[in-house]
Amino acid sequence: MFETKIRKVGNSCVLTLSKEALAVLDAAEGDTVYLVRTDDGSLSLRRHEDDFADAMDALEVGARRYNKAMDALA
């Protein structure tokens, strides 16, 4: 487990990741990462991977296209 603080920078808030956390994530400065909500409501930090990014894009398109059906199923 890694602990970090949320800081305000301009009009945004940022998280600072230690070298150790970046190594576990296999990420570096300038890389794209995703915060993903899990089934239990927590967040997971994921490194950019082309397959994952493609899947998230498809999910967003489907969610917009079928939003009424998804609401009815919820």
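Details of the structure are given in the entry above.
Residues numbered from 1 in each chain as written. Predicted model: local features only at pLDDT ≥ 70, side-chain atom pairs only at ≥ 80, totals over all residues. Heavy atoms only, no water.

Caption draft 1: Inspection of the overall build of the protein chain at higher detail. The secondary structure content of the protein chain amounts to three helices and four strands. Its C-alpha atoms give the protein chain a radius of gyration of 16 Å, more than 25% over the compact-globule value 11 Å for 74 residues. Across its three principal directions, the C-alpha atoms of the protein chain cover 45 × 25 × 25 Å. By residue count, 7% of the 74 residues in the protein chain fall in the buried class. Taking all contacts inside the protein chain whose residues are at least 6 apart in sequence as the whole, residues at least 24 apart take part in 2%. Put simply, the protein chain shows about 6,700 Å² of open surface, and 53% of that area lies on carbon and sulfur atoms. (Helix = DSSP H or I, 4+ residues; strand = E, 2+ residues; numbered from the N terminus. Rg over C-alpha atoms; globule rule 2.2 N^0.38 Å. Buried < 20%, exposed > 50% of the residue type's maximum accessible area, 1.4 Å probe, protein only. Contact = heavy atoms within 4.5 Å. Areas by Shrake-Rupley, 256 points an atom, 1.4 Å probe, with all protein chains shown as cover.)

Caption draft 2: Looking closely at the pattern of salt bridges. Counting across every chain of the model gives one salt bridge. Notably, a salt bridge pairs Arg 47 with Asp 26, separated by 4.0 Å at the nearest N-O pair. Here Arg 47, found in strand β4 (residues 43-47), pairs with Asp 26, found in the loop between α1 (19-25) and β3 (33-37); they are 21 residues apart in sequence, far enough to count as distant. Arg 47 gets classed as partly exposed once you look at its relative accessible area, which sits at 27%. (Salt bridge = Lys/Arg side-chain N within 4 Å of Asp/Glu carboxyl O.)

Caption draft 3: Geometry of the pairing of β4. With five bridges connecting them, β3 and β4 associate as antiparallel partners. Across the sheet, Leu 35 pairs through a bridge with Leu 45, a residue of β4. Count of turn residues in the β3/β4 antiparallel hairpin: five residues, of which Gly 41 carries a positive phi of about 90°. (Pairing = 2+ DSSP bridges.)

Caption draft 4: Inspection of a negative patch on the surface at higher detail. A contiguous patch of negative charge on the surface is contributed by Asp 51, Asp 54, Asp 57 and Glu 60. As for its position among the elements, Asp 51 is in helix α2 (residues 50-65). (Patch = residues over 30% accessible without salt bridge, like charges linked within 9 Å, V, L, I, M, F, W, Y side chains within 5 Å. Lys, Arg positive; Asp, Glu negative; His and termini not counted. Charge placed at Lys NZ, Arg CZ, Asp CG, Glu CD.)

Caption draft 5: Geometry of the pairing of strand β2 (residues 12-15). Looking at chain direction, strand β1 (residues 6-9) and β2 are connected through four bridges and run antiparallel. Paired with Val 9 across the two strands is Ser 12, which belongs to β2. From the end of β1 to the start of β2, which pair antiparallel, there are two residues, and Gly 10 there has a positive phi angle of about 65°.

Caption draft 6: Inspection of a nonpolar patch on the surface at higher detail. A surface patch of nonpolar side chains, amounting to about 420 Å² of accessible area, comprises Leu 17, Val 33, Leu 35, Leu 43 and Leu 45. For the nonpolar patch, the secondary structure elements donating two or more residues are β3 and β4.

Everything listed here is a matter of coordinates, which is why it stays silent on function.
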